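Structure assessment
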Amino acid sequence: MMRRRMIGRPVARVATVAVGTAVVAGTAGAVSHHQQQKYSQQDAAAQQGYDEAYQQGAADAQAQQYAPPPEQYAAPVEQAPASDLTAQLQQLAQLHDSGVLSDDEFAAAKQKLLAG
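Residues numbered from 1 in each chain as written. Predicted model: local features only at pLDDT ≥ 70, side-chain atom pairs only at ≥ 80, totals over all residues. Heavy atoms only, no water.

Along the backbone of the chain there are three helices and zero strands. Starting at the N terminus and walking to the C terminus, you meet the elements of the chain as α-α-α. Split into buried and exposed, the 116 residues of the chain put 3% on the buried side. (Helix = DSSP H or I, 4+ residues; strand = E, 2+ residues; numbered from the N terminus. Buried < 20%, exposed > 50% of the residue type's maximum accessible area, 1.4 Å probe, protein only.)

Here it is, written out as structure tokens:
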């Protein structure tokens, strides 16, 4: 009879260890699953941020594509034909000779005409 009691105890210990191992393994599985969900949600949020930034950049690029060119690249302003320029210079010279324009005013107006 003593042997039965001895045999029963080690079996109980093995069962307790097996149950304890199962509890630990189940807890580890649950923790692992929770971490995987957490990382998956973080990845999804990061991907959504990347997608939004890409869409904003594409919209900005499209808006810039159809924008008029900057003023520095605009078509050059056509200057007056040479005959008009000559006539205007002669008119300035007449005003200067008649005394309506001073030397400085004549020089400034002439420079303005020549600059276009």
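For the chain, the average pLDDT comes to 75, and 61% of its residues sit at 70 or higher. Taken element by element, the chain is modelled with least confidence in helix 1 (residues 2-65), mean pLDDT 72, and with most confidence in helix 3 (residues 103-115), mean pLDDT 89. (pLDDT = per-residue confidence, 0-100.)

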